[in-house]
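Chain and residue survey
Each chain is listed here by its residues.
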Amino acid sequence: MRQLLEDFLSYVKVNTRSDEKSTFIPTTPGQIDLALQLKEQLEQLGLSNVAYFEKNSFVIGALKGNAAKPAIGFIAHVDTADFNAENIQAQVHYNYDGNEVVLNAAQNIVLSPSQFPNLKDYVGQTLITTDGTTLLGADDKAGIAEIMAALRNLKEVPKEKRGDVWVAFGPDEEIGRGADNFEVADFPVDFAYTIDSGRVGHFEYETFNAAKIEITIEGTSVHPGTAYGQLVNAIKIGETIDSRLPQAEVPELTQDYEGFYLLNKFSGDISLAQLDYIIRDHDQAKFIARKNQIVAIIDALNATFTYPRITYRLFDQYYNMKEIVDKEPRAVDYALLALKNLGIKPMVTPFRGGTDGSKISYKGIATPNLFTGGENFHGPYEFITLEAMEKARDTIVEIVKVAGEEK
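Here's a quick rundown of the structure.

Cut-offs applied
Residues numbered from 1 in each chain as written. Predicted model: local features only at pLDDT ≥ 70, side-chain atom pairs only at ≥ 80, totals over all residues. Heavy atoms only, no water. Helix = DSSP H or I, 4+ residues; strand = E, 2+ residues; numbered from the N terminus. Rg over C-alpha atoms; globule rule 2.2 N^0.38 Å. Buried < 20%, exposed > 50% of the residue type's maximum accessible area, 1.4 Å probe, protein only. Contact = heavy atoms within 4.5 Å. Areas by Shrake-Rupley, 256 points an atom, 1.4 Å probe, with all protein chains shown as cover. Lys, Arg positive; Asp, Glu negative; His and termini not counted. Charge placed at Lys NZ, Arg CZ, Asp CG, Glu CD. Axes fitted to C-alpha atoms, helices over the stretch in contact; angles between N-to-C directions. Parallel < 35°, antiparallel > 145°, perpendicular 65-115°, else oblique. Left-handed = near helix turned anticlockwise from the far one by under 90°. Pairing = 2+ DSSP bridges. Salt bridge = Lys/Arg side-chain N within 4 Å of Asp/Glu carboxyl O. Polar contact = N/O pair within 3.5 Å; in protein donor to acceptor, adjacent residues only side chain to side chain. 1 Å grid on protein atoms, 1.4 Å probe; cavity = no way out; pocket = protein on both sides within 12 Å on 5 of 7 lines; lining within 4 Å. Points joined across faces, edges and corners; volume = space filled by probe spheres on them. Nonpolar A, V, L, I, M, F, W, Y, C, P; charged D, E, K, R; others polar.

**A short note on the overall build of the protein**
- What the protein contains, in helices and strands, is nine helices and 17 strands.
- Relative to a compact globule of 407 residues, whose C-alpha radius of gyration would be 22 Å, the protein shows 24 Å and is just as compact.
- Taken along its principal axes, the extent of the C-alpha atoms in the protein is 85 × 55 × 40 Å.
- In the protein, which comprises 407 residues, the proportion classed as buried is 53%.
- Relative to all contacts within the protein whose residues are 6 or more apart in sequence, the contacts with residues 24 or more apart total 79%.
- Accessible surface computed for the protein: about 17900 Å², of which carbon and sulfur atoms make up 50%.
- Across the protein, the mean location of the 39 positive side-chain charges is 4 Å away from that of the 58 negative side-chain charges.

What follows is the structure, encoded as structure tokens:
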């Protein structure tokens, strides 16, 4: 427990916040600092094939197996989300009593079970929080610490049959870029898991199909006193596009398998406006229909002008991993059996987002997503307990054990 906690606290101190505006790989230098720290730790653990690849900023290593059993990979990301990550001061609250936790007395920032009722699930545990001014970084440094702890445990039972266990730590997951450059040739496994979900028991092997459309509208701005028949308001055209989309198919009104459109940028003036949408659906056919629908709206509006005033760039971002995972059922079966063996109730839900595993799956390695144990990611109320991290560690170890018992 002590080593797991020490590792986690050391990782969160490194500012690895990724930067969507950067064109470098990785997008921030702190990610390299942590990657090199992890490379050194893997070498100290005696893993084989340890390497840091400058081409994609991934660190990999392998704990060699002792039997002809499935090779399994475990993956976590080093970056944190777009929230203050400078000078993270994690606070450790031993034997949490279930009451309010004062994160920052000077700024009156409190982590309260009245606002976050799930805190009551962690009474008596070692609660780890922020100081109220930063995020914590459990997403995904808890995943890294849990994988490291699992490697130590696996080394302590060298006689148990198992195949190779590969690990990888990569950059820029939070901005959706890191896995674009992942090289499956460097990671010879039968299947893998990202350790990057939330509460204990969470397990996802269905994700959204995802696309983005960037729309540019050219208007004509003239003096309003002489505007008749001449002024074309780019802002109003943008409003028309949005009004023609299904108004109930937005994130705040959809759940489970329901897809949506999200207008996440609308800026400009009469002469020029920009709209950005993300498009999401679990079902591939519905996903394609959504993309066709917004393009049809644009085409119909363009037909009303003397020349096309609306241009767009539409591109796919990632796909539902289920199509690939279904071809490698062991990735699901072994995880569910491991959870059962540990007495952990699985919470299997369609993930309303994407993971690095979405992209890695489509590169050829089925890669579902397992829990880290953290909650309230990406903000000052983020927390995790040491006991939850231990359960994630134990799940990794148990998956390897289950795979080693394969007939």
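**Side note on the packing of helix 1 (residues 2-12) against helix 2 (residues 29-44)**
- Packing of helix 1 against helix 2 brings their axes to within 11 Å, and their N-to-C directions diverge by 155°. Overall, the two elements helix 1 and helix 2 adopt an arrangement that is roughly antiparallel. As for the relative orientation of helix 1 and helix 2, their crossing is right-handed in sense. Within the contact between the two elements, helix 1 uses D7, S10 and Y11 and helix 2 uses L34, Q37, L38 and Q41.

**Describing the sheet that holds strand 13 (residues 272-281)**
- Reading across the sheet, the four strands line up as 12-13-11-14 and stay open at both edges, with antiparallel pairing between neighbours. Edge positions in the sheet fall to strand 12 (260-268) and strand 14 (310-318), since each of these pairs with one other strand and no more. When strand polarity is set aside, the average angle formed by the axes of neighbouring strands in this sheet is 15°.
- Across eight bridges, the pairing between strand 11 (residues 209-218) and strand 14 is antiparallel. Bridged to E214 within strand 14 is R313.
- Strand contacts of helix 4 (residues 234-244): strand 11, strand 12, strand 13 and strand 14, with the helix running at about 15° to strand 13, the strand carrying the most contacts.

**A few points about the pattern of salt bridges**
- Within the structure shown, the criterion is met by 19 salt bridges.
- E239 is the partner of K236 in a salt bridge, and the nearest nitrogen-oxygen pair spans 3.6 Å. Taken together, the residues K236 and E239, both in helix 4 and three residues apart, mark about one turn of the helix.
- Within this structure, D121, R199 and E375 form a network of salt bridges that share partners.

**Overview of the environment of S358**
- Structurally, S358 can be placed in helix 8 (residues 356-362).
- By relative accessible area, S358 is classed as buried at 1%.
- Each C-alpha atom of the pair S358 and V325 lies 9.8 Å from the other, and the pair is 33 residues apart in sequence.
- Those residues in contact with S358 that sit more than four places away from it in its chain are T207, Y318, Y319 and M321.
- At 3.3 Å, the side chain of S358 forms a polar contact with the side chain of T207.

**What about the layout of surface pockets?**
- In this structure, the largest pocket occupies an estimated 1500 Å³ of space.
- Taken together, 45 residues form the lining of the largest pocket, with E173, E174, I175, G176 and R280 sitting closest to its centre.
- Of all the secondary structure elements, the ones that give two or more residues to the lining of the largest pocket are strand 9 (191-197), strand 10 (202-204), strand 11, strand 12, strand 13, strand 14 and helix 8.
- Space inside the second largest pocket adds up to approximately 160 Å³.
- Split by residue class, the lining of the second largest pocket holds four nonpolar, two polar and three charged.

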